[in-house]
Amino acid sequence: MTTLAERAAAAAGRATDAPSGPSDDASSTPVEPYVPAPDPMADYEPGDGDPEMVPVHIAWLRVRREIRAIAKKEQYNGGGTRFNFRGVDTVVQHFGPVTLKHGINIFPVDVDAEHRDTTSAKGSKMRECTVTVSWMVMGPKGDTLPALLKTRGEALDSADKGTAKAQSVALRVLLLTGGLTPTHDKDPDASYVERGNEAPARSAESYRDELLDPKTSPARIQQIGYELSNLRMMGAKVTNETGESETLDSLGRRVYAERTGGGA
């Protein structure tokens, strides 16, 4: 009686002299010795287009030597404010090719981000992000600077780009401070302005007296409110006209309501 396997082999014209199952003899399967894969960098030698294999601090010094200076040629003009600055793209465009030439790699190894909701001057909802980034600076030989460098960056955005913007600012700070990159601007010590006599800070009592003065107009009372807010004196307590303790904020609102015949 033949087995199903034997009948299938006969139909295919094959002989079945020996069973096809696994052998119990372990010596029948040779074991090849383990040979590790060859190291692709074992015979590597720097070519003409590769950076010189110097320690990282020497390579970074050469980067600084080539950068020299980055001028503040970009200008912000908005909201009544105007100033010159060095943008992230400008700084990276200067440092990128030079760090590549000297084999410097810069990696963010830790990003600590903080977020909070805020609004713009026009009332638009914004998301503020502040990041602290730890950077690793690696040289052409694979060695790194002995300590991680930390920089901070801040950014506002109405969508989801605040964190990326803040990290870009942190990178700019790293390159400019780590590279000691000058601007070629006029030295601050080249000009001298004699400081005038500054008016002493007003006391809470002087604001109280002005608020209670019948000659003080409602418009001036509102202006005093702005001044107290900027000076963070709204909560300062004074003795009012009835001899009771009252905050300047409460006193100002009450006097304003009395003189305008309405609410503060």
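So, a few notes on the structure that sits alongside this text. (Residues numbered from 1 in each chain as written. Predicted model: local features only at pLDDT ≥ 70, side-chain atom pairs only at ≥ 80, totals over all residues. Heavy atoms only, no water.)

Description of the packing of helix H6 (residues 218-230) against helix H7 (residues 248-260)
So the rule is basically this: Only the contacting stretch of a helix is used when fitting its axis, a line to C-alpha atoms as for every element, and angles between N-to-C directions run 0 to 180 degrees. Helix and strand definitions follow DSSP, with helices as H or I runs of at least four residues and strands as E runs of at least two, each counted in order from the N terminus. Roughly parallel means an angle under 35 degrees; roughly antiparallel means over 145; roughly perpendicular covers 65 to 115; every other angle is labelled oblique. Handedness of each helix crossing follows the sense of rotation of the near helix against the far helix: counterclockwise by less than a right angle gives left-handed, clockwise gives right-handed. Residues are treated as being in contact if the distance between any of their heavy atoms lies within 4.5 Å. Each residue is assigned to one class: nonpolar for Ala, Val, Leu, Ile, Met, Phe, Trp, Tyr, Cys and Pro, charged for Asp, Glu, Lys and Arg, and polar for all the others, Gly among them.
Interhelical geometry of H6 versus H7 gives an angle of 165 degrees and a closest axis separation of 10 Å. In terms of orientation, H6 and H7 fall into the roughly antiparallel class. The element H6 and its partner H7 pack so that their crossing is left-handed. In this structure, H6 uses Pro218, Ile221, Gln222 and Leu228 to contact H7, whose residues at the interface are Leu248, Gly252, Val255, Tyr256, Arg259 and Thr260. Class assignment of the residues belonging to the contact of H6 with H7 gives a composition of six nonpolar, three polar and one charged.

Concerning the pattern of salt bridges
Our working rule: A pair is scored as a salt bridge if a Lys or Arg side-chain nitrogen falls within 4 Å of a carboxyl oxygen belonging to Asp or Glu. The classification of residues rests on relative accessible area computed with a 1.4 Å probe and restricted to protein chains. Under 20% of the type maximum is buried, over 50% is exposed, and intermediate values are partly exposed.
In total, this model carries 14 salt bridges according to the counting rule given. Here aspartate 117 makes a salt bridge to arginine 127, at a shortest N to O gap of 2.8 Å. Within this pair, whereas aspartate 117 is found in strand S3 (residues 105-119), its partner arginine 127 is found in strand S4 (residues 125-138), the two being separated by ten residues in sequence. Residue class for arginine 127 comes out partly exposed when judged on its relative accessible area of 35%. Two residues, glutamate 227 and arginine 220, come together in a salt bridge whose shortest N-O distance is 2.9 Å. Here the residues in one salt-bridge network are Arg202, Glu210, Arg220 and Glu227, joined through shared partners.

With respect to the packing of helix H5 (residues 204-212) against H7
In contact at an axis separation of 10 Å, H5 and H7 are set at 10 degrees when each is read in the N-to-C sense. Judged by the angle between their axes, H5 and H7 are roughly parallel. Facing Ala204, Tyr207, Arg208, Leu211 and Leu212 of H5, the residues of H7 in contact are Leu248, Leu251, Gly252, Val255 and Arg259. When grouped by side-chain class, the residues that make up the contact of H5 with H7 number seven nonpolar, one polar and two charged.

So, a nonpolar patch on the surface
We count it as follows: A patch consists of residues whose relative accessible area exceeds 30% and which take part in no salt bridge; residues with like charges are grouped when within 9 Å of each other, and nonpolar side chains (Val, Leu, Ile, Met, Phe, Trp, Tyr) when within 5 Å. Shrake-Rupley sampling with a 1.4 Å probe provides the accessible areas, and residues are treated as covered by the protein chains on show and by no other component.
A contiguous nonpolar surface patch, about 260 Å² in accessible area, is contributed by Phe107, Val109 and Leu148. Mapped onto the secondary structure, leucine 148 falls in the loop between S4 and strand S5 (149-157).

A short note on the layout of surface pockets
Put simply, the rule reads: Both site types are read off a 1 Å grid over the protein atoms alone. A 1.4 Å probe that fits but cannot get out defines a cavity, while an open set with protein on both sides within 12 Å along at least five of seven lines defines a pocket; lining residues have an atom within 4 Å of a point. Grid points are joined across faces, edges and corners, and a volume is the space filled by probe spheres set on the points.
Of the pockets and cavities examined, the largest pocket occupies roughly 260 Å³. Where the lining of the largest pocket is concerned, the elements lending two or more residues are H6 and H7. A per-element tally of the lining of the largest pocket places H6 first, with seven residues. Among the residues forming the lining of the largest pocket, the class breakdown is nine nonpolar, four polar and two charged.

Any functional reading would require information that these geometric values do not contain.
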